[in-house]
Amino acid sequence: MLKGLNIAFKDLKIETRAREIFISMVVFSLLILIIFSIAFSDLLSSASKTATVASGVLWICFIFAGTLGLNRTFATEVQNGCMDGLKMCPIPRNSIYLSKVIFVFLLMLLVEIITIPMFSVLFNYQFTGIIWVGIVILLGSFGFVVVGCLISALVVRARAGEMLLPVLLLPLSLPVIIPAVSATSGLLRGEDILSLISSIRLLVVYDFVFFAVSMLVFEYVVED
Amino acid sequence: MFTALMLLVAFWAIFFYLPVMKDPAGNVLDTSFNIFYFHLPIAIVAYLAFFVVFVSSILYLRENDSKWDMVSLSAAEVGVIFAFLVLATGSIWAKAIWGWYWVWEPRLTTSLVLFLVYVGYLMLRTALDDPLKRARLSAVFGIVAFVSVPLSFLSIRIWRSAHPLMFGGSLYGQDGGGLEGNSLLLVLLLNMLAFVLLFISLTSFKFQNEKLGRELEIVKGR
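Residues numbered from 1 in each chain as written. Chains lettered and ligands numbered in written order. Predicted model: local features only at pLDDT ≥ 70, side-chain atom pairs only at ≥ 80, totals over all residues. Heavy atoms only, no water.

### Side note on the environment of Val53(B)
So, point 1. Here Val53(B) is to be found in helix 2 (residues 36-63).
So, point 2. Look past the residues within four positions of Val53(B) in its chain and what remains in contact with it is Ser72(B), Ala75(B), Ala76(B), Tyr118(B), Tyr121(B) and Gly142(B). (Helix = DSSP H or I, 4+ residues; strand = E, 2+ residues; numbered from the N terminus. Contact = heavy atoms within 4.5 Å.)

### Let's talk about the pattern of salt bridges
Residues and elements named next belong to chain B.
So, point 1. Counted by the stated rule, this structure contains six salt bridges over all chains.
So, point 2. Note that Arg125 and Asp69 form a salt bridge whose closest N and O atoms lie 3.1 Å from each other. Here Arg125 is found in helix 4 (residues 106-127), whereas its partner Asp69 is found in helix 3 (residues 66-97), with 56 residues between them in sequence.
So, point 3. Among the residues examined, Asp69 registers a relative accessible area of 3% and is labelled buried.
So, point 4. The shortest N-O distance in the salt bridge between Glu210 and Lys206 comes to 3.5 Å. Note that Glu210 and Lys206 are positioned in helix 7 (residues 182-221) at a spacing of four residues, about one turn of the helix.
So, point 5. By relative accessible area, Glu210 is classed as buried at 19%.
So, point 6. Residue class for Lys206 comes out partly exposed when judged on its relative accessible area of 22%.
So, point 7. In this structure, a network of salt bridges that share partners links the residues Asp69, Glu77, Arg125, Lys206, Glu210 and Arg214. (Salt bridge = Lys/Arg side-chain N within 4 Å of Asp/Glu carboxyl O. Buried < 20%, exposed > 50% of the residue type's maximum accessible area, 1.4 Å probe, protein only.)

### Remarks on the packing of helix 5 (residues 94-122) of chain A against helix 8 (residues 197-222) of chain A
All names here are of chain A.
So, point 1. At a closest axis distance of 8 Å, the pairing of helix 5 and helix 8 adopts a crossing angle of 135°. Between helix 5 and helix 8, the interaxial angle falls into the category oblique. Helix 5 and helix 8 meet at a crossing whose hand is right-handed. Contacts between helix 5 and helix 8 involve Asn94, Ile96, Tyr97 and Leu98 from the former and Phe211, Ser214, Met215 and Phe218 from the latter.
So, point 2. By residue class, the composition of the contact of helix 5 with helix 8 is six nonpolar, two polar and no charged. (Axes fitted to C-alpha atoms, helices over the stretch in contact; angles between N-to-C directions. Parallel < 35°, antiparallel > 145°, perpendicular 65-115°, else oblique. Left-handed = near helix turned anticlockwise from the far one by under 90°. Nonpolar A, V, L, I, M, F, W, Y, C, P; charged D, E, K, R; others polar.)

### A closer look at the confidence of the model for chain A
So, point 1. Put simply, chain A has an average pLDDT of 84, and 99% of its residues get 70 or more.
So, point 2. Ranking the elements of chain A by mean pLDDT puts helix 1 (residues 2-18) of chain A last, at 75, and helix 6 (residues 130-155) of chain A first, at 90. (pLDDT = per-residue confidence, 0-100.)

### Things to note about the environment of Ala212(A)
So, point 1. By secondary structure assignment, the location of Ala212(A) is in helix 8.
So, point 2. Counting along the chain gives 73 residues from Ala212(A) to Leu139(A), while the straight-line C-alpha distance between them is 15 Å.

### Some thoughts on the UniProt feature "transmembrane region" (unreviewed entry) in chain B
So, point 1. Under the present numbering, the feature "transmembrane region" (unreviewed entry) in UniProt falls on residues 38-61, 73-94, 106-124, 136-159 and 184-205 of chain B.
So, point 2. Each end of residues 73-94 of chain B is marked by a C-alpha atom, and these two atoms are 31 Å apart; helix forms 100% of the span and strand 0%. (UniProt positions renumbered as here; feature names shortened; annotations may be inferred.)

### Some points on the side chain of Ser29(A)
So, point 1. Tracing the backbone shows Ser29(A) in helix 2 (residues 20-39).
So, point 2. In contact with Ser29(A), other than residues within four places in its own chain, are Cys61(A), Ala65(A), Val111(A) and Thr115(A).

### Concerning the packing of aromatic side chains
Pairs of aromatic rings are described using the distance from one ring centre to the other and the angle between the two planes.
So, point 1. Under the defined criterion, the tally for this structure stands at 18 aromatic pairs over all chains.
So, point 2. Here the aromatic rings of Trp59(A) and Phe62(A) are separated by 5.5 Å at their centres, their planes lie at 75°, and the arrangement is edge-to-face. Placement of both Trp59(A) and Phe62(A) in helix 3 (residues 47-79) is noted, with a separation of three residues, approximately one turn of the helix.
So, point 3. On the basis of relative accessibility, which here comes to 1%, the residue Phe62(A) falls in the buried class.
So, point 4. Between Phe50(B) and Tyr118(B), the ring centres sit 3.7 Å apart and the planes meet at 5°, which makes this aromatic pair stacked. Remark: Tyr118(B) occurs in helix 4 and Phe50(B) occurs in helix 2; sequence separation between them is 68 residues. (Phe/Tyr/Trp six-rings, centres within 6.5 Å; stacked < 30°, edge-to-face > 60°.)

What follows is the structure, encoded as structure tokens:
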């Protein structure tokens, strides 16, 4: 666990110096927001209509930006043979996986922290009950990253791996994305938290299941 | 010998399969309901196929025997076809009853997800060249992919859904669920058996095929 944190810290350090992944994730996410803002410009006058499209727009931003980030996570390690170095470290293999989950999760959170206020500005929308929305977004992003890091490691050495990633990742992570989107849209439309508890429960269950399964099988992914 | 035995099984499946086509038991209900006798067994077989992929993937990782990799591949290919047929037969029925081919509701969504996930599985296989690596990585994907199967199965019990619930009573006040009458059940069971046998024979044909293909590769290599 602690060793995983060390690797994640290393990744963050590289990222704070080069900032290549993070910047492209944020810019990409904002561009999607702008496109949607233009496409839905007729709806922007009514808050209730905006609330209906909000969760879809937000999640598309998060997922696309996240996919962009996931594409690079293992690619950077493979490039200069760093993966072999990591594998030689006296650490359990799945702490490599854990470190990548932490790293991409943090990146996604930062992107979300920037995207949500921008959404508020571009769509002229006032968020209420942001705490619950935040919790749902956190849970959803975590599940997405958990699946994503595993798939990213899987496809990194495949032919056309960067194209394969979204094709494999999106269907596989839908069990997480569906409850996340429906809970977010419920919250933004002002539904009671109690009526959404089943979605949130499902989200938590899937986060755990995917995380546990990924931790178990990751060893086989990097074994070469 | 093995192939001959399986041929026999396949013929047996066809003989079970045919009388059902003409079966008039559906007269009691609207005839569009007849498709259900295909739809449910096909769905069950798709789940079964993906379960086979799951189990053989685990066995591959444990035993490192390429036999299990071939089983995964064969079951996944047959499973994808069956998963597609589930969607197709379901849509035909839905057009007759609901008036639309497709409705975005949990059962349908998750069935589509299941289909796409295993299409992805087959795509992953084609993208990896090294046979050992392909076997290992696709086994990992086969295990993770299976997580979406229980979701699809349980979805109508988790969310309110327009899809009829056939077993386990009407949880959310759905009417028309629950099968009654022995002859209906018998036809259903016969179909179930036939489709499972069809699955077994198709998968083993594919398995044999794959095995011969690999033997050929080895011979060519020499």
